[in-house]
Amino acid sequence: MKFLGYRRPDGSVGIRNHTLIVPNGRAAANLGVLISRIVAGTKIFVATNENGRDPADRATLARTLRGLAMNPNVGAVLVVGLSRNGSHEEFSEKNFLEPIVATGKPVDTVFMDECGGFDAAFALGVRKARGLLIAASRARRSEAELGDLSVSVKCGYSDTTSGMAGNPVVGKAFDRIVAAGGNAYFAETTEVIGAEHLVAARFTDSGERAKFLAAVARVENEARQLGQDIRSINPIPANIAAGLTTLEEKSLGAVSKSGTSPVRSCLLYGERPRQRGLHFMDSWMSSSVIFLGFAAAGSVLNIFQVGGGSFGKGYMMPVFNAGVVAPVLFMTGNPHTWEKVRDDMDFSAASVLENHASIHDVSGKLLEHICNVASGELTRGETFGMDETVEVFLKGHCF
Amino acid sequence: MKQLLALHDMDNVGNVLEDVKAGDGVCWSVGDSMFSARALEDIPFGFKMALRAVPKGEPIIKYGNPIGFAERDIAAGELVHVHNVAGGRGRGDLERKEG
């Protein structure tokens, strides 16, 4: 199976061709936003403030912003800042700018202290962003293989169809992408509790397995310290209303979205993997943070696998473009959900339950759809062209 | 007969694939063998039915793995959900009581 993608100088393959404006810290974000408003067609992500955060959270903010710039869906980058070295070590030229430049894609910079303040930086930034937009537009799609893809999945509004149909279909599709040499990501640390033994057994590196088990233990301990049954938090009410009874049941259904491939690494939020294959990302499950983290880690396409058993007719999806530079593809394995929210859904795996279609056959259809979207077909979410508010997953205290 | 999907041969619950009314016959397969039971109450699409009796305190098995414990005796054909099943993981509430 093949698709038409943008092959970048570092060998990665994008499925979209954005020009991204990247502030090297919150203090420069408004400069970036103003440039982005003038130069239509550029994208920008404004993260929360890094000041008063602990080093781990500052590193997460830097990793997320830098990772978006390095994403294969980004064809050109303008880094803006007060100064070349940002406000903290995590945003220094060496730690922040140089890895972006090393991708080989067109990258330019505007720093206020180097050009005499905001007015000059704004004028220069507009000029450079226009040039970068044209440079990015010179890229052409060319034939790429399934193994050139980097894809990610989150399951949401889970119900019992998620574990029976939708998630196993994604898992089988991911197995084929990974077997072809591709990257695949799954996450949601809370939602492996009760199924962690199945995932842990698939790790190929004992150090990475230990990181994974420690992450699961940390989340369960945090929940226990609240002195509550975790069922008061997860499964969420929408899951219970649709027939999911315990976190263990939700988790056992959820992990099937990862397929059966060996798991290569346990990544931090937004961390880029060092080798190709299947990766677990230690992250909060929210759709308003997770797709951003996947995109920062290099995913070019997010799959939101929806149960939706509790949906009313015509419900709206909670996110449309939460991956900022990586689109979200909505699918469901629930035949009722497919009927109720047809306008927001990109793919149905409901034939598994309706017509006893095999997981293998339906995963083949999903792969065909993935290749179409990877070649340029818009997702339903992309049609809104909306840059919604999304958040970076931070864990520490603010000071 | 209404359809139910049992995912693993060890499972003592399965998910009904259509809305089931009390008294309906429900059938499922495990490997090459077919089984059936009568639903004791209404079970909505996607919800779980007990495939055999589960005594209080015994694990509920789905995907071949425990998903929680019966909080009371559950009969074959009963709806299995939060009213008769407790989770086994992340139970900070139990630790507080014990502590």
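Residues numbered from 1 in each chain as written. Chains lettered and ligands numbered in written order. Predicted model: local features only at pLDDT ≥ 70, side-chain atom pairs only at ≥ 80, totals over all residues. Heavy atoms only, no water.

## Description of the side chain of A:R53
Residue and element names in this part refer to chain A.
Stage number 1. Positionally, R53 belongs in the loop between β4 (42–44) and α2 (55–70).
Stage number 2. No salt bridge is formed by the buried R53, whose closest oppositely charged neighbour, D57, lies at an N-O distance of 4.5 Å.
Stage number 3. Once residues lying within four places of it in the same chain are set aside, the contact partners of R53 are T48, R58, L394, H397 and C398. (Helix = DSSP H or I, 4+ residues; strand = E, 2+ residues; numbered from the N terminus. Buried < 20%, exposed > 50% of the residue type's maximum accessible area, 1.4 Å probe, protein only. Lys, Arg positive; Asp, Glu negative; His and termini not counted. Salt bridge = Lys/Arg side-chain N within 4 Å of Asp/Glu carboxyl O. Contact = heavy atoms within 4.5 Å.)

## Details of the pairing of strand β8 (residues 150–156) of chain A
All names here are of chain A.
Stage number 1. For β8, a buried count of seven out of seven residues is recorded, marking the element as mostly surrounded by other parts of the structure.
Stage number 2. The alternating pattern of β8 places S150, S152, K154 and G156 and V151, V153 and C155 on opposite faces, both of which are buried.
Stage number 3. Of the strand pairs in this sheet, β8 and strand β9 (residues 183–186) are connected by three bridges, and their pairing is parallel. The residue of β9 that forms the bridge with S152 is Y185.
Stage number 4. The parallel pair β8 and β9, bridged by helix α6 (residues 160–179), forms a crossover whose chirality is right-handed.
Stage number 5. Two elements, β8 and strand β12 (residues 301–306), share six bridges in a ladder whose sense is parallel. The partner of C155 across the bridge, within β12, is Q305. (Pairing = 2+ DSSP bridges. Right-handed = clockwise from strand over helix to strand, strands pointing away.)

## Let's talk about a nonpolar patch on the surface
All names here are of chain A.
Stage number 1. On the surface, M316, F384 and M386 cluster together into a nonpolar patch covering about 320 Å² of accessible area.
Stage number 2. Tracing the backbone through its elements, the reader meets M316 in the loop between β12 and β13 (328–332).
Stage number 3. Accessibility expressed as a relative area gives 57% for M316, which makes it exposed. (Patch = residues over 30% accessible without salt bridge, like charges linked within 9 Å, V, L, I, M, F, W, Y side chains within 5 Å. Areas by Shrake-Rupley, 256 points an atom, 1.4 Å probe, with all protein chains shown as cover.)

## Observations concerning the layout of surface pockets
Stage number 1. The computed volume of the largest pocket comes to approximately 520 Å³.
Stage number 2. If you list the elements that add at least two residues to the lining of the largest pocket, you get α6, α7 (196–200) and α13 (351–354) of chain A together with β1 (2–5) and β3 (25–30) of chain B.
Stage number 3. In this structure, the second largest pocket occupies an estimated 410 Å³ of space.
Stage number 4. Partitioned by chemical class, the residues of the lining of the second largest pocket number eight nonpolar, four polar and four charged. (1 Å grid on protein atoms, 1.4 Å probe; cavity = no way out; pocket = protein on both sides within 12 Å on 5 of 7 lines; lining within 4 Å. Points joined across faces, edges and corners; volume = space filled by probe spheres on them. Nonpolar A, V, L, I, M, F, W, Y, C, P; charged D, E, K, R; others polar.)

## So, the sheet that holds β1(B)
Residue and element names in this part refer to chain B.
Stage number 1. The mixed open sheet is built from six strands, whose spatial order is β4-β3-β1-β2-β5-β8. The open sheet has two edge strands, β4 (33–38) and β8 (79–80), and neither has a second partner.
Stage number 2. Relative to strand β2 (residues 13–16), β1 runs antiparallel, the two being bridged by two bridges. Directly across from L4, in β2, lies its bridge partner V16.

## Topic: the pattern of salt bridges
Side-chain pairing between opposite charges can occur once the charged atoms of the two side chains come close.
Residues and elements named next belong to chain A.
Stage number 1. A complete count under the given rule lists 26 salt bridges over all chains for this structure.
Stage number 2. Linking R84 and E114 is a salt bridge whose minimum nitrogen-to-oxygen distance equals 2.8 Å. A residue pair is termed long-range when its members are at least 10 positions apart, and R84 in the loop between β5 (74–81) and α3 (93–101) and E114 in helix α4 (residues 112–115) qualify at 30 residues.
Stage number 3. Residue E114 is classed as partly exposed on the basis of its relative accessible area, which comes to 48%.
Stage number 4. Among the salt bridges present, the one from D282 reaches R218, with a minimum N-O distance of 2.9 Å.

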